[in-house]
Structures are given as C-alpha cells and as structure tokens.
Amino acid sequence: MPDVAELVLRARRGEQAAWDEIVERFAPLVWAVCRRHNLSAADTDDVNATVWLRLVERLNTLREAAALPGWIATTTRNECLHLLRDKKKQISVEDIDGPDERPELDAWLLMQERHIALRVAFRELSERCRQLLNLLFAEETVRYATISAKIGVPVGSIGPSRMRCLDTLRGNPALAAFEEES
C-alpha cells in the first residue's frame, strides 16, 4: 500500500488511481469531522464535495505531502464551520432551538477520528516497525526472544527500536491535528 507522500506525488502527475486511493483512504476522516459538527446528510455531502474540490485546487501547493491527512482534517473542519456560519446568517435566532447536546456522541466521534488517524499513521510506518509494534502490543504477551527470532533483531535492540518506531508514529502529520486539540 503506497504511503501518503507517494499518493500525493502520483496525484500531482494526474494519476486517477492515486486520486481514487486518496479519496477512499480519507473519506472516513471527512465524514467523521462532519458528524462531529452535527451536520445533516445533505450538508455533509456539500462539505465532502467542497473538501475534495479544495484538494484538487491546492494539491500542488501542499508543502509537505505527508501532511495530507492533517490538511484534510483541518480543511473539513473549516468548511464545516463556514457552512454553519452561513446557516446562522440565513436563520433567525428565534427559529433555533439550540444545538443538540450529545457529549457521548462527540466523544465517540472524536475517538473514531483518532483511530482513523492512527491507522493511517501506522500504515505509513516501515514494515519492520509495523511488525515490531504488532508483536509488542498483541493481546497475548510475546517474549522478546520470540520477537527477536521472528523479525531478526537482537533482543537488546527491541526496546530502542520500539521507542524509535513510536516516536515516528507520534510525529506523523495524520496525528498532528489531535495533538493541537489536547
């Protein structure tokens, strides 16, 4: 599976398959951000279309190709807020009962957004890091000796390798938007 930077480069060259992969991979993120803003299905469709149009317009100006997930999340959030501001201008305050307060839904949606971003970031790790982290964080405890044999690293380098892999994961742009919110 190609990483985000590779997809962006291919999309910049006009490869339809790269565009399709970008949309398929990040459409759930757009949807989750829209749901977090309690948009209707029609408004979600409008924001979704606008986000992808903005990406087509601005893909060549994206400075950091790997930052695409963060760019999509931020653009979606901005478009949601823009749409909500426009709706407020169109409807008088007396006609509004107030927002539907559902903090448990908001918390669930935020958790889903974080899981999507984490999966995106995890897919962009090297194969070795993915194998190591999968073994280290498996439901059943796997001994270092077993990990060493499976992935071919000395037992003494598993801990430092784990730290490097986790640092790489934490530094992924897909997770940057959630660090800003914390």
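For the structure itself, consult the block above.
Presented here is an overview of the structure given in this document. The shown structure was predicted, so the numbers you read here are calculated from the model rather than taken from an experiment. (Residues numbered from 1 in each chain as written. Predicted model: local features only at pLDDT ≥ 70, side-chain atom pairs only at ≥ 80, totals over all residues. Heavy atoms only, no water.)

1. Regarding the environment of alanine 11
Among the structural elements, alanine 11 can be located in helix α1 (residues 4-12). Residue classification places alanine 11 among the buried positions, given a relative accessible area of 4%. Taking the C-alpha atoms as reference points, alanine 11 and asparagine 60, 49 residues apart in sequence, are found 9.4 Å from one another. (Helix = DSSP H or I, 4+ residues; strand = E, 2+ residues; numbered from the N terminus. Buried < 20%, exposed > 50% of the residue type's maximum accessible area, 1.4 Å probe, protein only.)

2. Brief notes about the pattern of salt bridges
Across all of its chains, the model carries 9 salt bridges by this definition. Of the charged contacts, one joins glutamate 127 and arginine 130 as a salt bridge, the two residues approaching to 2.4 Å between their closest N and O atoms. Here glutamate 127 pairs with arginine 130, and both are found in helix α6 (residues 127-136), just 3 residues apart, close to one helical turn. A residue is classified by how much of its surface remains accessible, and arginine 130, at 21% relative accessible area, is partly exposed. One salt bridge in this structure joins arginine 170 and aspartate 167, with 2.8 Å as the shortest N-O distance. (Salt bridge = Lys/Arg side-chain N within 4 Å of Asp/Glu carboxyl O.)

3. Remarks on the state of the cysteines
If you walk through the whole model with that rule in mind, you get 1 disulfide. The residue that forms a disulfide with cysteine 129 is cysteine 165, at a sulfur-sulfur distance of 2.1 Å. With the S-S bond torsion at -80 degrees, the cross-link from cysteine 129 to cysteine 165 turns out left-handed. Of this pair, cysteine 129 sits in helix α6 while cysteine 165 sits in helix α8 (residues 158-170), placing them 36 residues apart in sequence. Residue classification places cysteine 129 among the buried positions, given a relative accessible area of 14%. On the basis of relative accessibility, which here comes to 4%, the residue cysteine 165 falls in the buried class. (Disulfide = S-S within 2.5 Å.)

4. A short note on the side chain of serine 148
Structurally, serine 148 can be placed in helix α7 (residues 144-151). Among the residues examined, serine 148 registers a relative accessible area of 16% and is labelled buried. There is a polar contact of 2.5 Å between the side chain of serine 148 and the backbone oxygen of valine 153. Ignoring anything within four residues of it in the chain, the contact list for serine 148 reads Val153, Pro154, Val155 and Ile158. (Polar contact = N/O pair within 3.5 Å; in protein donor to acceptor, adjacent residues only side chain to side chain. Contact = heavy atoms within 4.5 Å.)

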